[in-house]
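Coordinate inspection notes
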Amino acid sequence: MNEVIFARYEDVTAALADPALVPPPATPGRYGTVAWLRSAVARFSAGEPHARRRALVLADLARLDQGLLRTLAAGGYEPDVRLRVVRVLATALGLAGPEAVARDVKAVARAYFDPAPDDPEADVAVARLLPAMGDADAETAANRIGLLVQACEATAALVEHARRGGVEHAGPGGVRDLAAVLREDPPVRAMRRFAARATVIGGVAVPAGAQVLLDLDAAREPGREPLAFGAEPRLCPGRAHALVIAEGILFGASDPADGSLPPAGEQLDRAEQDQLDRAEPAALIPAAVRHMLALAETWTAWDGRPVVNADGRTYTPHKVVRRVADHLVDHLAEVEARLVGAPTAPDHWHASLVTTPADLAPFTVADLDEARSRLTRLGAIWAHRIAALPERQLDDSPGTGWSIRQIVRHLAEGTAYYADSLGPIGPVGAAPAGPVTTTEEQSPMTEEQTR
């Protein structure tokens, strides 16, 4: 069979725009198999069926919020990028069981681009996916599966290419920006077309029935639009969504322009980051808790007078314990939500802005024991959670704010800050004193006084 190859940018774009050159037609198969799926989706269609099926895909894409896609991609760590990509889309589409959908889509993807698919496990996966797509219309369900399958492969390849090198355009962690990947290391290297009728491309006659190979890699030209997502009139409709998901996986959901990143003064400089990288993250919070509890052993000698630190904030022993515990719980909830891909809940702590009547109570030996049990366990929970994460996840998948590594550093520093704001009361290491008494005239601090 004749095969014609085009490798110049002008010829490839002309071939992609020529209606005589269509995707190699799919051979229909038994309903619910990969062969049937290929014959029912826009990807392998032409003419009116393609237009009708593409409209189904566009309708699904139109109801996806790109901000949500990026946030979902940034959370819920999954080392298999293909599963992660599909889970994000399945969740955003409102499909039941996104994890199961992702596993089945990955199985289908390995046979989807084979002109003569023969994969019984992939066929079974298609049969399971059809009712999971949430639409009784077979063509709608098929094109929803097609959307997930193509995202599974192309978006995952984009992420993998961004991670695999290219120091010239490398960003944090050696990851290249996606524009550089599309220019220099595109996830799609070639496309195939079939000549439904004779045509001419760049002066080359293409006979009817010819197989056409479009060498996208060779056709790359500086300053020209990358062709990894095709070109009009069949430009990939999910291009923007793929880029957003890839950005979420690679760089997280934080946008430096939206104010969600730490202010410039709080960014880690290179020396600080190197020091943090060398530290064992799982040990940072327990060490800070031990530092605080060593100081807390002296707080049973507190005379009942609140202490105002250098920043003008008011602290008491109970208030320090409260703030440290709330702080650890708050960020723990944030990290756990990220790891399962759930949105983080806004907090409503009064934090240091209020000193409550309970904050002004005497700090007894029993209170010290309670604080020791509470905070030691919280520190251990953090240590176990961080130790269980793959090293790269501490910087990967940062959600809508700091990376997990930065959160750990922030918590360790915050714990020390609260403890040091009160400091030692009496010699550190001395035996805890008994409870102190306060006068009836002692009254709670108002919120205004604590600022």
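Being a predicted model, the structure only gives us computed values, none of them experimental.

Calculation rules
- Residues numbered from 1 in each chain as written.
- Predicted model: local features only at pLDDT ≥ 70, side-chain atom pairs only at ≥ 80, totals over all residues.
- Heavy atoms only, no water.
- Helix = DSSP H or I, 4+ residues; strand = E, 2+ residues; numbered from the N terminus.
- Buried < 20%, exposed > 50% of the residue type's maximum accessible area, 1.4 Å probe, protein only.
- Contact = heavy atoms within 4.5 Å.
- Areas by Shrake-Rupley, 256 points an atom, 1.4 Å probe, with all protein chains shown as cover.
- Salt bridge = Lys/Arg side-chain N within 4 Å of Asp/Glu carboxyl O.
- Axes fitted to C-alpha atoms, helices over the stretch in contact; angles between N-to-C directions.
- Parallel < 35°, antiparallel > 145°, perpendicular 65-115°, else oblique.
- Phe/Tyr/Trp six-rings, centres within 6.5 Å; stacked < 30°, edge-to-face > 60°.
- Lys NZ or Arg CZ within 6 Å of the ring centre and 35° of its normal.
- Pairing = 2+ DSSP bridges.
- Expected span 1.5 Å × (residues − 1).
- Core = buried A, V, L, I, M, F, W, Y, C linked by side-chain atoms within 4.5 Å.
- Left-handed = near helix turned anticlockwise from the far one by under 90°.
- Nonpolar A, V, L, I, M, F, W, Y, C, P; charged D, E, K, R; others polar.

Structural notes on the overall build of the protein chain
A count of helices and strands for the protein chain gives 16 helices and eight strands. Within the span of the protein chain, comprising 451 residues, buried residues form 48% of the whole. Taking the contacts inside the protein chain whose residues are at least 6 apart along the sequence as the reference set, 74% of them involve residues at least 24 apart. Working note: accessible area of the protein chain is about 20900 Å², and carbon and sulfur atoms make up 57% of it.

Brief notes about the pattern of salt bridges
According to the stated counting rule, one finds 26 salt bridges in the structure shown. Put simply, glutamate 153 and arginine 82 hold a salt bridge, and the shortest N to O gap is 3.4 Å. Of this pair, glutamate 153 sits in helix α8 (residues 138–163) while arginine 82 sits in helix α5 (residues 81–92), and the two are 71 residues apart along the sequence. Relative accessible area serves as the criterion here: at 25%, glutamate 153 is assigned to the partly exposed category. Ionic pairing is found between aspartate 119 and arginine 110, a salt bridge with its closest N-O pair at 2.7 Å. Overall, the relative accessible area of 16% leaves aspartate 119 in the buried class. Through salt bridges that share partners, Glu48, Arg52, Arg53 and Glu139 make up one connected network.

Some words on the packing of helix α13 (residues 317–339) against helix α15 (residues 404–422)
Angle between the axes and distance between the axes are the two parameters that describe a pair of packed helices. Across the interface, α13 lies against α15 with an axial gap of 9 Å and an inter-helix angle of 175 degrees. One finds that α13 runs roughly antiparallel with respect to α15. In this structure, α13 uses Pro317, Val320, Arg323, Val324, His327, Leu328, His331, Glu334, Val335, Arg338 and Leu339 to contact α15, whose residues at the interface are Ile404, Ile407, His410, Leu411, Gly414, Thr415, Tyr418, Ala419 and Leu422.

Things to note about the packing of aromatic side chains
A complete count under the given rule lists seven aromatic pairs for this structure. Between the aromatic rings of tyrosine 112 and phenylalanine 113, the centroid separation amounts to 5.0 Å while the plane-to-plane angle is 90 degrees, which identifies the pairing as edge-to-face. According to the relative accessible area criterion, phenylalanine 113 is partly exposed, its value standing at 40%. Arranged with centres 5.7 Å apart and planes meeting at 70 degrees, the rings of tyrosine 417 and tyrosine 418 form a pair that is edge-to-face. Look at tyrosine 418 and you get buried, because its relative accessible area is 8%. The structure contains a cluster of three or more aromatic residues connected by ring pairs, namely Phe44, Tyr112 and Phe113. Looking at arginine 38, its charged tip hangs above the ring of phenylalanine 44, at a distance of 4.2 Å from the centre.

Some thoughts on the pairing of strand β3 (residues 190–195)
By the alternation rule, side chains of β3 split into Met191, Arg193 and Ala195, which are all buried, and Ala190, Arg192 and Phe194, of which none is buried. Summarising the sheet, β3 and strand β6 (residues 211–215) pair through five bridges and their orientation is antiparallel. When the sheet's bridge partners are listed, alanine 190 is paired in β6 with aspartate 215.

Structural notes on α8
Given 3.6 residues per turn, any residue in an α-helix points the same way as the ones three and four places further on. With 26 residues, α8 extends 37 Å between its outermost C-alpha atoms, agreeing within 8% with the 38 Å of an ideal straight helix rising 1.5 Å per residue. α8 sits mainly inside the fold: 20 of its 26 residues count as buried.

Section: the nonpolar core
By size, the foremost hydrophobic cluster in this structure holds 61 residues, and its most contacted members are Leu37, Leu69, Val101, Val105, Met133, Leu148 and Ile245. Ranked by residue count, the leading element in this core is α8, at twelve residues. With sequence-adjacent residues up to four places away left out, leucine 148 is seen in contact with Val86, Leu89, Ala90, Leu93, Leu95, Val101, Val105 and Met133. Counting 36 residues, the second-largest nonpolar core is a separate cluster that includes Val321, Val324, Leu332 and Leu375.

Points about the packing of α8 against helix α10 (residues 239–251)
Where α8 meets α10, the axes come as close as 9 Å, and the angle between the chain directions of the two elements is 45 degrees. For the element pair α8 / α10, the angle class is oblique. Classified by chirality, the crossing of α10 by α8 is right-handed. Residue-level inspection shows Thr155, Leu158, Val159, Ala162 and Arg163 of α8 in contact with α10, the latter providing Ala242, Leu243, Ile245, Ala246, Ile249 and Leu250. The residue inventory of the contact of α8 with α10, partitioned by class, reads nine nonpolar, one polar and one charged.

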